[in-house]
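# Observations on chain architecture
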Amino acid sequence: CTNLPTDLLELWSYWRKLHGSISLPSCLKKGFADKFDEFGEYQLAKYLNAKIPKPAPAPTASGKGKGKGKGKDMDEKDPEDAAKAKEDQLAKAHDPLTRPLTMKTLIRTVHAGSKNPEAACGVLRKRYPMSEEEFKEMGLDLGGTKNFDPERAAEKFRIPVPKTWETQLSEKGNTAEVWEDLIKSKSLPFMAMLRNLRNILMAGVSGNAHESILWRLKSAQQVANSKQMPVRFLSAFEAIDFDDATLEKLANEAAGDADYIEEEKAVGTGKEAKKIMKKRKVCRKPPTKELLNKYRDALEIAVSLAARNNVPPLECTEGSKAIVLVDVSGSMESPLTQGPKKIHESALTPHRRSTGRPIVEGQDMDLDDYFSQAGQRHSKKLSVSMTWIGQDLDLSVMVLDKGGNQVVSVSYSNTEWTQIWHSGDITSAPYGAEEVISVDLDNLPPTAYMLFFTVNSFSGQTFDALPEAAISLRDDGLTGESNEGTQEICAFRLTGTHKAVIACSLIRKDKGWAFRCLNTPQAQGMTVQSLLDKIKKEFAAAEADAATAQKRLVDAALLLALCLRERMGDDKCEVVLFSSPGKDGQAYKILRSLGPKVLANFRRCTAEAAQLGRGTELPIAYLQELSAARVPVDHLILLTDGLISPAKNPGDALSRWLASYRAGVKPMKFACIDVLGLGKPCLGEGNNNHDVLISGYSEATLRYLTQEPGAQLAEVEATEVPPPKKPRKEKAEAASGETA
């Protein structure tokens, strides 16, 4: 389905990837050209400069780079680096298989614009023809319906800048008058209204504007047409959830004389996150508690409407129901991001001993979740190991407190600090060597807030010149003291033309520790102390990233489960939260007697989840109770951050329970939804059409569960295809035969 000009570019990009060629077949050219003619000036102007895929940022002349393993720091003083960077950039820009596709390229390739040639000329930045003959040659006469205008000769065709809410705010500013005009003229799309709800409130718009927005949020047709996922409404709900202290602060600001307030704000995500001081205009009509309550009620109605329109119910037989298991363990607190997830580039080719977990870009690894699944242990002792073949590499760790100040550094020159030990310096490794730093997380002092592990090439070699250079995180706290018995958690390679790297970090969080793969390259640095400024930048980015209120995987999973329950009702859908035993010894909680408000229920679920542990233990005991009581269940939905396949793991507890229930009680459909989106989806794995594995988060994923196996294929096969057109030669022969 193509609704935007960029959709055509994305289809072309997919074709290019699949077929290894930029050339399009005639049928696609014609289809693209026909679809292009359907777009108006507004759409063409809005996406005039779109590029698919978006071009990668140019390599930096200096600094830390992107830190993805094979990247390198560009030294502005090195002419070879500068020349190579320019050469690579030009090669990529001119390679037909990788260069970004644009609207200009599309028009020239498929010869689009026959029905609207002026718009096509506007995109191509052409000039008005100088003569009537040239006017007709360019097709601007539209078959004689338009006349040549000599006054426009040599004038550049232009597509007028569209009047959108973005351009209006950019031109006139984020003021109450601008928002009121956009709302009154119906120029504010539903999604833009939802995402800017806080800005609208802080601008201090009029009562009529508030009433208009509240009406849209309560309108079933408006919500249905918006096609917004319920998680969007949750974001809006949390964005306007001002507490009493905030409301009092806004009221005091409105009563004061200052026009602007300067405050700290976190922007960006991941390594690009940072805290900046930003001026905010004082709101002279601050929101009141009564107004916020109206918005909360309206958003509750909107979520319920979205659930009814966008979340399909699962069909259950009379007296049966669906069970939704929601993983609320520590690993589910990773941020919810758009687009497919991928393995960290430096972990794609791990060293020869790697048997650990995958490292996902932009995701921290919750270590308490890992500890709960790793087996019997006597401590939470970890070690970071560096292996290599070559000359002198040094592994070190820098400890920072919560303020970002250096506490201590442990390296070859200082091999021990409270609960941190260094194995000692190795200056040459012609046949391979290993340096290890061990950390006892349970007994680290409170001042140890973040631990940054660095690798420095003291001998001056680059990592590309050191075969098998790698970092691995190991679990040394399992029962047993032998080094051979330690378990590898994860590993990644050290590659590139740099000589130092900030490899990884251990971060203390509210509920335990997390591991983050950084692999941020540094052009120079013989010791850990020489990287202190860079380490502090990584610390600031990590703190700013934590301060940005991003949605978590568990938020998406909970909201999806609650929307399904809202759609089906309490008697047809039961939601169960699970992780590992908490302080009360319970590892799962059954959510019963929930109220009618989805967002209020979400908060209750979040509070219930906080009472559980951080690990991941499937509620097998709960499932066994269902079997013992012979409770009829038609659907078992598992929402977690990985794909669990009964066909691949027939010996695990869940697979055995499914086989037992299906044999002794009734057939059941099982679906595992990987909210993280890293796994490989599958339908009917192991010749069992009742098992479905879905990768990625969307309310639309439930549509697959409501269809019978093969329903989509049957729908495609039932589509009537028009008969193929006869070649011109056959047409001519048929015409001559009729004439004769």
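Residues numbered from 1 in each chain as written. Predicted model: local features only at pLDDT ≥ 70, side-chain atom pairs only at ≥ 80, totals over all residues. Heavy atoms only, no water.

### Thoughts on the overall build of the chain
Counting its regular elements, the chain contains 25 helices and 23 strands. For the chain, the proportion of its 740 residues judged to be buried stands at 45%. Taken as a whole, the chain presents about 37800 Å² of accessible surface, with 51% of it coming from carbon and sulfur. (Helix = DSSP H or I, 4+ residues; strand = E, 2+ residues; numbered from the N terminus. Buried < 20%, exposed > 50% of the residue type's maximum accessible area, 1.4 Å probe, protein only. Areas by Shrake-Rupley, 256 points an atom, 1.4 Å probe, with all protein chains shown as cover.)

### Looking at a negative patch on the surface
Among the surface-exposed residues, Glu-132, Glu-133, Glu-134 and Glu-137 lie close enough to one another that they form a single negatively charged patch. For Glu-133, the location among the structural elements is in helix H7 (residues 132-137). Here Glu-133 falls in the exposed class, since its relative accessible area comes to 55%. (Patch = residues over 30% accessible without salt bridge, like charges linked within 9 Å, V, L, I, M, F, W, Y side chains within 5 Å. Salt bridge = Lys/Arg side-chain N within 4 Å of Asp/Glu carboxyl O. Lys, Arg positive; Asp, Glu negative; His and termini not counted. Charge placed at Lys NZ, Arg CZ, Asp CG, Glu CD.)

### Quick look at the nonpolar core
Among the nonpolar cores identified, the biggest contains 80 residues, and Leu-299, Val-326 and Leu-577 are the most heavily contacted of them. By residue number, the principal contributor to this core is helix H19 (residues 553-568), which donates 12 residues. Among residues more than four places away in sequence, those in contact with Leu-299 are Leu-194, Leu-197, Leu-217, Phe-233, Ala-236, Phe-237, Ile-240 and Leu-599. (Core = buried A, V, L, I, M, F, W, Y, C linked by side-chain atoms within 4.5 Å. Contact = heavy atoms within 4.5 Å.)

### Notes on the sheet that holds strand E9 (residues 406-410)
Ordered by their spatial adjacency, six strands build an open sheet running E6-E17-E16-E13-E8-E9, and the pairing between neighbours is antiparallel. The outermost strands of the open sheet, each flanked by one partner alone, are strand E6 (365-366) and E9. Where strand E13 (residues 450-457) and strand E16 (residues 500-509) come together, seven bridges link them in antiparallel fashion. Looking across to E16, one finds that Phe-453 is bridged to Cys-504. (Pairing = 2+ DSSP bridges.)

### Some details on the pattern of salt bridges
All chains considered together, the criterion is met by 29 salt bridges. Ionic pairing is found between Glu-118 and Arg-152, a salt bridge with its closest N-O pair at 3.7 Å. Taken together, the residues Glu-118 in helix H6 (residues 117-124) and Arg-152 in the loop between H7 and helix H8 (165-172) connect sequence positions 34 residues apart. Looking at Glu-118, the relative accessible area reads 26%, which means it is partly exposed. Glu-574 is the salt-bridge partner of Arg-592, the closest N and O atoms lying 3.6 Å from each other. Within this pair, whereas Arg-592 is found in the loop between strand E19 (588-591) and helix H20 (598-610), its partner Glu-574 is found in strand E18 (residues 573-578), the two being separated by 18 residues in sequence. Owing to a relative accessible area of 47%, Arg-592 belongs among the partly exposed residues under this scheme. Overlapping salt bridges, with partners in common, bring together Glu-333, Asp-366, Arg-552, Asp-555 and Arg-614 in one network.

### Overview of unusual backbone geometry
Its identity is not glycine, yet Leu-142 carries a phi of approximately 50°, on the positive side. Tracing the backbone shows Leu-142 in the loop between H7 and H8. Judged by relative accessible area, Leu-142 falls into the partly exposed class, the value being 31%. Even without a glycine there, the phi angle at Gln-419 is positive, about 65°. Positionally, Gln-419 belongs in the loop between strand E10 (416-417) and strand E11 (420-422).

### Side note on the sheet that holds E11
Here we have six strands laid out as an open sheet, ordered E10-E11-E12-E7-E14-E15, and antiparallel in their pairing. Both edges of this open sheet fall to E10 and strand E15 (487-493), since each of them pairs with a single strand only. For strand E7 (residues 381-390) and strand E14 (residues 470-475), the ladder comprises six bridges, and the chain directions are antiparallel. In the sheet register, Leu-382 faces E14, and the bridge partner there is Asp-475.

### Section: the packing of helix H14 (residues 230-239) against H19
It is the contact of H14 with H19, at a shortest axis distance of 9 Å, that shows an interaxial angle of 115°. The handedness of the crossing between H14 and H19 is right-handed. In this structure, H14 uses Pro-230, Val-231 and Leu-234 to contact H19, whose residues at the interface are Asp-555, Leu-559 and Cys-563. Taken together, the residues of the contact of H14 with H19 break down into five nonpolar, no polar and one charged. (Axes fitted to C-alpha atoms, helices over the stretch in contact; angles between N-to-C directions. Left-handed = near helix turned anticlockwise from the far one by under 90°. Nonpolar A, V, L, I, M, F, W, Y, C, P; charged D, E, K, R; others polar.)

### Re the side chain of Glu-435
Its place among the elements puts Glu-435 in strand E12 (residues 429-440). Despite its burial, Glu-435 pairs with no opposite charge, the nearest such side chain being Arg-474 at 12 Å. Within the structure, the side chain of Glu-435 is placed 3.1 Å from the backbone nitrogen of Leu-395, a separation counted as a polar contact. A polar atom in the side chain of Glu-435 sits 3.1 Å from the backbone nitrogen of Ile-426. For Glu-435, the contacting residues outside a window of four places in its chain are Val-384, Ser-385, Met-386, Trp-388, Leu-393, Asp-394, Leu-395, His-422, Ser-423, Gly-424, Asp-425 and Ile-426. (Polar contact = N/O pair within 3.5 Å; in protein donor to acceptor, adjacent residues only side chain to side chain.)

### Remarks on the pairing of E12
Across nine bridges, the pairing between E7 and E12 is antiparallel. Among the inter-strand pairings, Val-384 is bridged to a residue of E12, identified as Ile-437. Relative to E12, E11 runs antiparallel, the two sharing three bridges. Residue pairing in the sheet places His-422 in a bridge with Ile-437 of E12.

### Considering a positive patch on the surface
Residues Lys-104, Arg-108, Arg-125, Lys-126, Arg-127, Lys-156 and Arg-158 make up a contiguous surface patch of positive charge. Summarising the element assignment, Arg-127 is placed in the loop between H6 and H7.

### Some thoughts on helix H1 (residues 5-19)
With 15 residues, H1 ought to run about 21 Å at 1.5 Å a step, and its terminal C-alpha atoms sit 22 Å apart, in line with that. Among the residues of H1, those classed as buried are Pro-5, Thr-6, Asp-7, Leu-8, Leu-9, Trp-12, Ser-13 and Arg-16. Residues of H1 that are buried sit in contact with helix H2 (26-36), helix H3 (41-46), strand E1 (51-52), strand E2 (101-102) and helix H5 (103-110). Trailing H1 by a residue or two, Gly-20 shows a phi angle of about 65°, which is positive. (Expected span 1.5 Å × (residues − 1).)

Structural measurements only, silent on function.
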